[in-house]
Amino acid sequence: MTGVNSEHGSLLVRRLTHRYGSTISKSGDFPLTTEQLSELHNPKSLKAFEKLFQNKEENLYNLLKTDKVNGITIPDGQSYKKQERYAIYSDNRIPERVGKTFLQLVWEALQDKTMILLSGAAVVSFLLGLYELLYQPPQYDPEGNPIKQVDWIEGIAIMTAVVVVVFVGALNDYQKELQFARLNKKKEDRDIIVIRNSNELLISIHDLLVGDIINLQTGDVIPADSILISGTCEADESSMTGESNTIKKVDLTNSLNTYEELKQKDPTNQTLDIGYSTKDGDKVPDCILISGSKLLSGLGKAVVTAVGTNSIYGRTMMSLKVEPDPTPLQERLSQLADSISVYGCVAAMILFLVLFFRFLFYTLLPGGRFHDLDPAQKGSKFMNIFITSVTIIVVAVPEGLPLAVTLALAFATTRMTKDGNLVRNLRACETMGSATAVCSDKTGTLTENIMSIVRGIFGDSRFDDGDYERSTQQTSHDIFNTKDKYCSPDLKNIVLSNIVLNSTAFENKDYSPEYDDDRENNDDRENNDNREETTGHEDLMASIERGRIEAYIGSKTETALLNMSRKAMGAKFGDLQKMRSKTQEYFPCLLY
């Protein structure tokens, strides 16, 4: 049977090479290119599957060098990065956006029109002040004392304001850039169950490869473009396609069989594919999973066909890496700088012309005030006219405005941090301050994606684990551990056996019971203090990065039940597999 599959796979490779010519990868083991595999998902198409695999599921596994049951094979002790599969298709990493250096942020801040105007005003004011200090004759007060020339100090003051504004803004943005880079790295990295070398492994989604068989459960976000090969589920693809309706997914075998049946019923329909229907209204079942979409219900296994920047999610993320538009505050300050430049120059020009014509009248007219002055004195009078005109522009520039805006935004950032809001860019505070409405979807926006049992009804009794004051009802621990009052030992054993044996969840190797003790202490502090303010970005970032490590991995409902059995029914972490393999020892109630 293996020889027949190998021979059929070789024949299929020759057909693909003949059909696609030079677009086929030079590798004989992996003849499909990333572009060809992307045709399956953009748009979702069984026609593309038929073109690549002749509508035969086994051809998919043969060409991707994987197995439906055992997954891909990687030699023990060898990194997957040394495999030909990785060289051709890469892994599921999306290139990180290169953060800007501190000097780049300083340079960008200096490109602001207001900063340019202030810098020009500072230079002009400083040079004119030096000119008056060094080349102008000394002036005396009414008492005959010389007046000190300190006009150059104004230029220094403006330069100092520019430096403070630029460095405060650049330093704040640089610190937040580093913090958000750490947060995004933690947020985007999560673990998923894959089948490799016939074993179920928990690996990072960044290490996924084309051909991997992944286990999917309710609540999972699809980590890479895949094809469902077993199970059924419902997916929410609104984040990637904008389609708000839930999309039902079926396995590849049923999808191909139905597709063939519909083609035979309606052979003239050339548009028949996923998303389209026949004249009788029958639709082609969907087996294509798009990366970035979320499973709302169901379980299943899928084979990965595109990863990283070749997946739908990866291409979307790469297209979003563009420079943001200026904020309303930036636009208004830019308009202010333009207005000051235009109107200030016009006013200075008018003043210069008026004073210059007066200077010519006094100089050229016989008996004029400046007619008998020597050339040096006349030149000094002309420079006074020029300095007065330029001073109009310098005085019109609000050198304190950028500094006031920057300090106000920095103060707002600190206040928002205490409220638990991370601010990446100073001007983001102003952007949010200009918002008139904030739209958010329903549940899932601000949750941990962790489910726990809070209330329950057991016979005639009720428990409420969410009543922290413990003033109204008993807890689940009271229900299952108060002898002969609520639940007998035999009934407790029956309930525990149902929770343990009717679950596909498994224990998390990275979990330690100490995490629960730390979290309970934190919860007690929050309940007593109602709300504890975060004192700074470092504390908040550290809290986020620690996250919450679950004791069990699997369906959120099943993990919630297992957590209740551990906290209220005496089940111990580390014994889950033992209880499933030694049912008679742990569950004597099943013998009756």
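Residues numbered from 1 in each chain as written. Predicted model: local features only at pLDDT ≥ 70, side-chain atom pairs only at ≥ 80, totals over all residues. Heavy atoms only, no water.

> How do you make sense of the packing of aromatic side chains when you look at a structure like this?
Remark: the centre distance and the inter-plane angle together describe each pair of aromatic rings, the angle taken between the planes. With the rule as written, the count across this model stands at nine aromatic pairs. Relative to Tyr89, the ring of Phe30 lies with its centre 5.9 Å away and its plane at 90°, an arrangement referred to as edge-to-face. Residue Phe30 is located in the loop between helix 1 (2-20) and helix 2 (34-38), and its partner Tyr89 is located in helix 5 (residues 84-89); the two are separated by 59 residues in the primary sequence. For the residue pair Phe30 and Tyr89, the accessibility class agrees, reading buried in each case. Each ring, one from Phe49 and one from Phe53, has its centre 4.8 Å from the other, and the planes form 50°; the classification is tilted. Taken together, the positions of Phe49 and Phe53, both in helix 3 (residues 46-53) and four residues apart, correspond to about one turn of that helix. There is no split in this pair, since Phe49 and Phe53 are both buried. (Phe/Tyr/Trp six-rings, centres within 6.5 Å; stacked < 30°, edge-to-face > 60°. Helix = DSSP H or I, 4+ residues; strand = E, 2+ residues; numbered from the N terminus. Buried < 20%, exposed > 50% of the residue type's maximum accessible area, 1.4 Å probe, protein only.)

> Got a minute to help me understand the environment of Leu201 in this structure?
Assignment of secondary structure puts Leu201 in strand 4 (residues 199-204). The exposure class of Leu201 is partly exposed, given its relative accessible area of 35%. Taking the C-alpha atoms as reference, Leu201 lies 9.6 Å from Asp191; in sequence the two are ten residues apart. If near-sequence neighbours (up to four positions away) are discounted, Leu201 is found in contact with Ile192, Ile193, Val194 and Arg196. (Contact = heavy atoms within 4.5 Å.)

> Any chance you could explain helix 20 (residues 556-568) here in plain terms?
Since there are 3.6 residues in each turn of an α-helix, residues three or four apart along the chain are aligned in direction. Between the first and last C-alpha of helix 20 there are 18 Å, a value that for 13 residues agrees with the 18 Å anticipated at 1.5 Å per step. With ten of 13 residues buried, helix 20 lies mostly within the body of the structure. For helix 20, the complete set of buried residues consists of Lys556, Glu558, Thr559, Ala560, Leu562, Asn563, Met564, Ser565, Arg566 and Ala568. Positive backbone phi, approximately 90°, marks Gly570, located one or two places after helix 20. (Expected span 1.5 Å × (residues − 1).)

> Would you mind going over the nonpolar core with me for this structure?
Where a protein is soluble and globular, its nonpolar side chains tend to be buried together. Within the largest apolar cluster, 46 residues are counted, with the highest numbers of intra-cluster contacts made by Phe49, Phe53, Leu60 and Ile227. Counting only elements with at least two residues in this core, the list comes to helix 3, helix 4 (57-64), strand 3 (191-196), strand 5 (213-216), strand 6 (225-236), helix 10 (252-265), strand 8 (288-289) and strand 9 (294-306). Among all residues touching Leu60, those that are not within four sequence positions of it are Phe49, Phe53, Ile227, Leu252 and Val303. (Core = buried A, V, L, I, M, F, W, Y, C linked by side-chain atoms within 4.5 Å.)

> I keep staring at the pairing of strand 9 and nothing clicks. Help me out?
Residues in a regular strand point their side chains to alternate faces of the sheet. Pairing geometry for strand 5 and strand 9, over four bridges, is antiparallel. The partner of Asn215 across the bridge, within strand 9, is Lys301. Bridging between strand 6 and strand 9 involves eleven bridges; their strand directions are antiparallel. By the bridge assignment for strand 9, Thr232 is matched with Leu299. (Pairing = 2+ DSSP bridges.)

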